[in-house]
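Descriptive structure summary
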Protein chains: 2
Amino acid sequence: MPVQIHRDLLAAIRDGRLPGGVRLPSSRSAAEGLGVSRSTVNTAYDLLRAEGVLTIRPGTAPEVIAPQVLNARERPATPPALSHRGRNLALNPRASSYAADSGIMHPGAPAESLFPADEWAQALRRAARHRHGELANYDTAFGHPALRRILAERLATDRGIRADPEQILITTGTQASLALTAQVMTDAGETVAMEDPGFMGARAAFLGAGLEIAPVPVDEHGLKPDHVPGGARLIYVTPSNQYPLGYRLSLPRRLALLDRAQAQNALVIEDDYDSEFLWRGREIAALAAHGESGGVVYLGTAAKVLMPALRIGWMVVPAALVGPMRAAHRNLGLMANLHAQLALAEMMRSGRYRAHLRRIARAYEARGNALAASLGQIEGIEVHPPDGGVQLTVRFPDGRDETPALSALAEAGFRPARLSAYCLAEPLNGLIVGFADATQERIERFVEVLGKAVG
Amino acid sequence: MPVQIHRDLLAAIRDGRLPGGVRLPSSRSAAEGLGVSRSTVNTAYDLLRAEGVLTIRPGTAPEVIAPQVLNARERPATPPALSHRGRNLALNPRASSYAADSGIMHPGAPAESLFPADEWAQALRRAARHRHGELANYDTAFGHPALRRILAERLATDRGIRADPEQILITTGTQASLALTAQVMTDAGETVAMEDPGFMGARAAFLGAGLEIAPVPVDEHGLKPDHVPGGARLIYVTPSNQYPLGYRLSLPRRLALLDRAQAQNALVIEDDYDSEFLWRGREIAALAAHGESGGVVYLGTAAKVLMPALRIGWMVVPAALVGPMRAAHRNLGLMANLHAQLALAEMMRSGRYRAHLRRIARAYEARGNALAASLGQIEGIEVHPPDGGVQLTVRFPDGRDETPALSALAEAGFRPARLSAYCLAEPLNGLIVGFADATQERIERFVEVLGKAVG
């Protein structure tokens, strides 16, 4: 409160409402007028006296001095305009994706009801009561050693990646990993190649970094490597489960992509966002598993298995990039919360993470298959049954505008995304539909509303 | 395991160790040779068959096909070089600050022994068991509404700032807030003015953004506004407690700084990093409290009061910048952990945060005063008794090199920082010494070692 009185008196003196020589009310009457304690007013007066703005003599009311420095009239300032870089960073390609601000069956989100809240709460509690020493401060900003160790083990077993824990950086999630890689490896005006259609977060990160985006077409074998332009410095790909079409990058394409990247000295960003719960077909080695993988930065996340708002992701970077990536990671402030990192490490180490994964993979498989089957009843749309993940894509092969369907679904409480918003050069129309939170009842209602809208 | 066998066989086929026509061992003998289960080998063989790399006929050993696409010899790839931007982002001005990688009485760090671990553990546990709905996903990336609300209230009361909760963004800490502001408001090659000596994290953020840094001298009244160059687009200042010299920015300088910024259309970054525990003198209104403060971005953090590794900071941005700052914040991935945000909000709402603040302020005041008093016994150094915070600065007025003192202290387990590393144009020599973890015994030992080194 004294701080506010101090601020308000100063503003009045600056703008001339209280000119030099004016006597302020006594602290007693000011306190009554303002409805605050007398000591609050006295504190504010004392501050102003200490700053040379009032004289206070015993027995008289405080007198305003209004020194020269205060004479400039206080104006409401307007902030400077955004820089060119700032305008890129503030682009929001997501804006056209949705017809509603909230709703169910939203893509990219796991089911909160499956979050292992009790286990996580226990693990967090233990982590918070632990003494962390220097890990509580700023050192090891690039990630908790226990989490980096268990991730290195899991990535070797599950994804074939030979990486030292030193090559792993923990970030605040895939968005941070993308922005970091784009900024460290490119300059504004350079080119990044990415799948078309492709992940909106990657597009936002690349636009934010001032990059030209070269769309690379995708078919049922994934991205077509021979469409990557020769000048691309980065190539972004989702090999396990192409976002949003759901295809897996075939082996010949994987090898061709790696060769092409190497030939043109480009870095591949492998976004392995939901390889952990593919239920159809088997996992194959990650791109980052091939050779010494010096040309690949691998990105993973706990967002889909646990919860996006935990803000934990990881990167495996080539050994030669570890030093610069760590420094840039720290300078950009991408450090993840300590307790959440330790809780995740503990959950992975104990086997409870894998058990949770099996549980949710079964649930999501059932939900995804049920949604795909129900959608199959609607004529005039195409559905690729999902191999994993938490969303599937509905195509409108006649190229019809998605807006009527999106609006009708929004009205019924659903929030699918507009497929065309994810497209760059190749126009595709349809919807991206989340099924993590899909119950049979919700699916029936969704299919009913969509059927009417496209009928 | 199947993923690793798949990867290794593929590498051998690609580099010609297993040419087309070669027959692989049966799964039984391969399993024996590798010490894995037969089903593991079969899974890998099946993957390679599905990918067209092996033929498997009943009763015969699998035969390598080595299709055309595999013929390119696998080479270890080297990653591309860093971009110009990446080289800036990877600069580490901190590198010269220390003579040791770890140690006690390190500046900028609170005492972990004072962290309210039980309270925090309870609050985290409640937050983790709570259902968060859409806050668990990606929406409201710029901060939990409950935390933004209580911060708006506290900032009004304690710092005189009139801000709507909409103007508050929660970030992963001051480093993130600095990098975000620098990137959104400037282009590479532009100028930022900052205090000399000044905060290393700010320097790292500004260098990372490719900015020219204009040093502004500091005296006992804080930064000298008339030394801010006319072309500066940003002005970075620590008004409550100048980092690292510990002075408070005087009222005439505050007003002159705001006027100057407005006149040249520059944005002021007010880093209020430890206004919360000043114990000498009273808090005065923040810079962001004056006028409509359209020209100030205000930064706060929980790092010093609680723990840096929680990764929670906050920004108050002018209303006109809210939209672009939110978009850039999301695109850069600067979102803080949900449970930590809610735990902090709850601790602030219940009054336990303020009680904790009083407790640690008393402890740090005692430690800071004890350290300053003991250092006063050493001749030939100058100590400015701290008004608050968690570190103080020792000056070597004879300009002697700090290295002998730093090395002797490092050998004794201490990790103060080198004052000259924080200087830009004006050379100052001395040490920045943390006292949050200073016991009487540690202080005596520190003074003994330093006394010998400078004697």
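Cut-offs used in this document
The numbers attached to residues start from 1 for each chain and follow its sequence in the written order. Both sets of labels track the order of writing: A upward for chains, 1 upward for ligands. At least 70 in pLDDT is required for a residue's local features to be given in this predicted model, at least 80 for side-chain atom pairs to be given and counted, and no such filter applies to totals for whole chains, interfaces and linings, which use all residues. No hydrogens and no water enter the side-chain calculation; it runs on all heavy atoms of the structure. Only DSSP runs of H or I covering at least 4 residues are called helices, and only runs of E covering at least 2 are called strands; the numbering of each starts at the N terminus. We compute the radius of gyration from the C-alpha atoms alone; for a globule the expected value is 2.2 Å times N to the 0.38, where N is the number of residues. Per-residue accessibility, obtained with a 1.4 Å probe over protein chains only, is compared with the maximum for each type, and a residue is labelled buried under 20%, exposed over 50%, and partly exposed between these values. Two residues qualify as a contact provided that any one of their heavy atoms is within 4.5 Å of a heavy atom in the partner residue. For the purpose of counting charges, residues Lys and Arg are taken to be positive, whereas Asp and Glu are taken to be negative. His and the chain ends are not included. Note that the charge is assigned to NZ on lysines, CZ on arginines, CG on aspartates and CD on glutamates. A fitted line through C-alpha atoms represents every axis, and for helices the fit uses only the stretch in contact; the resulting angles, taken between N-to-C directions, go from 0 to 180 degrees. Roughly parallel means an angle under 35 degrees; roughly antiparallel, over 145; roughly perpendicular, 65 to 115; everything else is oblique. In a left-handed crossing the near helix is turned counterclockwise from the far helix by less than a right angle, and in a right-handed crossing that turn is clockwise. Pairing between strands requires that DSSP locate at least two bridges from one strand to the other. The term buried area refers to how much accessible surface (probe radius 1.4 Å) is lost by two components on association, counted for both of them together. Criterion for a salt bridge: a side-chain nitrogen of Lys or Arg within 4 Å of a carboxyl oxygen of Asp or Glu. Under the rule applied, a polar contact is a pair of N or O atoms within 3.5 Å (in protein, one hydrogen donor and one hydrogen acceptor; residues adjacent in sequence only if both atoms are side-chain atoms). Under the scheme applied here, ten amino acids are nonpolar (Ala, Val, Leu, Ile, Met, Phe, Trp, Tyr, Cys and Pro), four are charged (Asp, Glu, Lys and Arg), and all others, including Gly, are polar. With the strands aimed away from the viewer, a crossover counts as right-handed if its path from the first strand over the helix to the second runs clockwise. Per residue, pLDDT measures the predictor's confidence, with a range of 0 to 100. Two aromatic rings from Phe, Tyr or Trp, using only the six-membered ring of Trp, form a pair when their centres are within 6.5 Å; if the ring planes differ by under 30 degrees the pair is stacked, by over 60 it is edge-to-face, and anything between is tilted. In this analysis, the expected span of each helix is defined as 1.5 Å times one less than the number of residues it contains.

**Examining the overall build of chain A**
- Along chain A, the regular secondary structure elements total 14 helices and 14 strands.
- The globule rule puts the C-alpha radius of gyration for 455 residues at 23 Å, and the 29 Å found for chain A is more than 25% above it.
- C-alpha extents for chain A along the principal axes are approximately 90 × 55 × 50 Å.
- Counting only residues that meet the buried cut, chain A has 62% of its 455 residues in that class.
- Here the contacts in chain A between residues at least 6 apart in sequence split such that 74% fall between residues at least 24 apart.
- Taking the average place of the 49 positive charges on the side chains of chain A and the average place of its 47 negative ones, the gap between the two points comes to 7 Å.

**With respect to the packing of helix 5 (residues 117-129) of chain A against helix 5 (residues 117-129) of chain B**
- Across the interface, helix 5 of chain A lies against helix 5 of chain B with an axial gap of 8 Å and an inter-helix angle of 165 degrees. For the element pair helix 5 of chain A / helix 5 of chain B, the angle class is roughly antiparallel. Taken as a pair, helix 5 of chain A and helix 5 of chain B cross one another with a handedness that is right-handed. The residues of helix 5 of chain B that touch helix 5 of chain A, namely those facing Ala117(A), Asp118(A), Trp120(A), Ala121(A), Gln122(A), Leu124(A), Arg125(A), Ala128(A) and Arg129(A), are Ala117(B), Asp118(B), Trp120(B), Ala121(B), Gln122(B), Leu124(B), Arg125(B), Ala128(B) and Arg129(B).

**Concerning the sheet that holds strand 13 (residues 417-418) of chain A**
All names here are of chain A.
- The 4 strands are arranged 11-12-14-13 in an open sheet whose pairing can be described as antiparallel. Both edges of this open sheet fall to strand 11 (382-383) and strand 13, since each of them pairs with a single strand only.
- In the sheet, strand 13 pairs with strand 14 (residues 430-434) via 2 bridges, with the strands oriented antiparallel. When the sheet's bridge partners are listed, Arg418 is paired in strand 14 with Leu431.
- Packed on one face of the sheet, helix 12 (residues 352-375) meets strand 11, strand 12 (391-395) and strand 14 and runs near 10 degrees to strand 12.

**Description of the interface of chain B and chain A**
- If you look at the interface, chain B gives 127 residues, while chain A gives 127 residues.
- Where chain B abuts chain A, roughly 10500 Å² becomes buried across the two surfaces, and 55% of that area is made up of carbon and sulfur atoms.
- Its largest share of buried area at the contact with chain A, chain B owes to Arg7(B), Arg85(B) and Asn331(B), together 7% of the area lost on that side.
- Scanning the region where chain B abuts chain A turns up 6 salt bridges.
- Across the pair Asp8(B) and Arg162(A) runs a salt bridge whose closest N-O atoms are separated by 3.5 Å.
- At the boundary of chain B and chain A, one finds 49 residue pairs in polar contact (both at pLDDT 80 or more).
- Considering every element that reaches the side of chain B that touches chain A, the biggest residue donor is helix 5 of chain B, with 9 residues.
- Each residue belonging to the side of chain B that touches chain A can be placed in one class, and the counts come to 65 nonpolar, 32 polar and 30 charged.

**Digging into the pairing of strand 8 (residues 267-271) of chain A**
Residue and element names in this part refer to chain A.
- The element strand 8 is extensively covered by neighbouring structure, given that 5 of its 5 residues are classed as buried.
- Here strand 8 shows two buried faces, one formed by Leu267, Ile269 and Asp271 and the other by Val268 and Glu270.
- Note that strand 7 (residues 234-237) and strand 8 share 4 bridges and pair parallel. Looking across to strand 8, one finds that Leu234 is bridged to Leu267.
- What joins strand 7 to strand 8 is helix 9 (residues 251-263), and the crossover it makes is right-handed.
- For strand 8 and strand 9 (residues 296-301), the ladder comprises 4 bridges, and the chain directions are parallel.

**Some thoughts on the sheet that holds strand 7 (residues 234-237) of chain B**
All names here are of chain B.
- Spatially, 8 strands are ordered 3-10-9-8-7-4-5-6 in an open sheet, and the strand pairing comes out mixed. In the strand order of this sheet, the two ends are held by strand 3 (168-171) and strand 6 (222-223), each with one partner.
- Packing against the sheet, helix 8 (residues 200-208) makes contact with strand 4 (191-196), strand 5 (212-219), strand 7 and strand 8 (267-271), and its axis sits at approximately 165 degrees to strand 4.

**Regarding the pattern of salt bridges**
- A full pass over the atoms with the stated rule returns 48 salt bridges over all chains.
- Between Arg14(B) and Asp259(A) there is a salt bridge; the shortest N-O distance is 3.1 Å. Linking Arg14(B) in helix 1 (residues 2-14) with Asp259(A) in helix 9, this pair reaches from one chain into another.
- In this structure, Arg442(A) engages Asp437(A) in a salt bridge whose closest nitrogen and oxygen atoms are separated by 3.8 Å.
- Among the residues examined, Arg442(A) registers a relative accessible area of 30% and is labelled partly exposed.
- On the basis of relative accessibility, which here comes to 24%, the residue Asp437(A) falls in the partly exposed class.
- Among the ionic contacts, a cluster of salt bridges with common partners joins Glu119(A), Arg126(A), Glu346(A), Arg352(A) and Arg359(A).

**With respect to the confidence of the model for chain A**
- Mean pLDDT for chain A: 91, with 97% of residues reaching 70 or above.
- ipTM for the predicted complex: 0.93, alongside a pTM of 0.93.

**Here we look at the packing of aromatic side chains**
- Inspection of the entire model under this criterion finds 12 aromatic pairs over all chains.
- Here the aromatic rings of Tyr243(A) and Tyr422(A) are separated by 6.1 Å at their centres, their planes lie at 50 degrees, and the arrangement is tilted. Taken together, the residues span a long stretch of sequence, with Tyr243(A) in the loop between strand 7 and helix 9 and Tyr422(A) in the loop between strand 13 and strand 14 at a distance of 179 residues. A single burial state applies to Tyr243(A) and to Tyr422(A), both of which are buried.
- With centroids separated by 5.9 Å and ring planes inclined at 70 degrees, the aromatic side chains of Phe206(B) and Tyr236(B) adopt a geometry described as edge-to-face. Residue Phe206(B) is found in helix 8, and its partner Tyr236(B) is found in strand 7; the two are separated by 30 residues along the sequence.
- For Phe206(B), a relative accessible area of 0% gives the class buried.
- Three or more aromatic residues link up through ring pairs in this structure, and these residues are Phe199(A), Tyr243(A), Tyr273(A) and Tyr422(A).

**Comments concerning helix 9 (residues 251-263) of chain B**
- Spanning 13 residues, helix 9 of chain B covers 18 Å between terminal C-alpha atoms, matching the ideal 18 Å at 1.5 Å per step.
- Where helix 9 of chain B is buried, its residues touch helix 1 (2-14) of chain A together with strand 5, strand 6, strand 7, strand 8 and strand 9 (296-301) of chain B.
- One or two steps after helix 9 of chain B, the chain reaches Asn265(B), where phi turns positive at roughly 60 degrees.

**Notes on the environment of Arg260(A)**
Residues and elements named next belong to chain A.
- Tracing the backbone shows Arg260 in helix 9.
- Taking relative accessible area as the criterion, Arg260 reaches 27% and is therefore assigned partly exposed.
- For Arg260 and Val228, which are 32 residues apart along the polypeptide, the C-alpha to C-alpha distance reads 8.3 Å.

**As for helix 1 of chain B**
- An ideal rise of 1.5 Å per residue puts 18 Å on 13 residues; helix 1 of chain B measures up with 18 Å between its terminal C-alpha atoms.
- With 11 of 13 residues buried, helix 1 of chain B lies mostly within the body of the structure.
- Listed as buried for helix 1 of chain B are Val3(B), Gln4(B), Ile5(B), His6(B), Arg7(B), Leu9(B), Leu10(B), Ala11(B), Ala12(B), Ile13(B) and Arg14(B).
- Buried residues belonging to helix 1 of chain B abut helix 6 (145-159) and helix 9 of chain A together with helix 2 (27-34), helix 3 (38-50) and strand 2 (63-64) of chain B.
- Phi for Gly16(B), located one or two positions after helix 1 of chain B, is positive at around 90 degrees.

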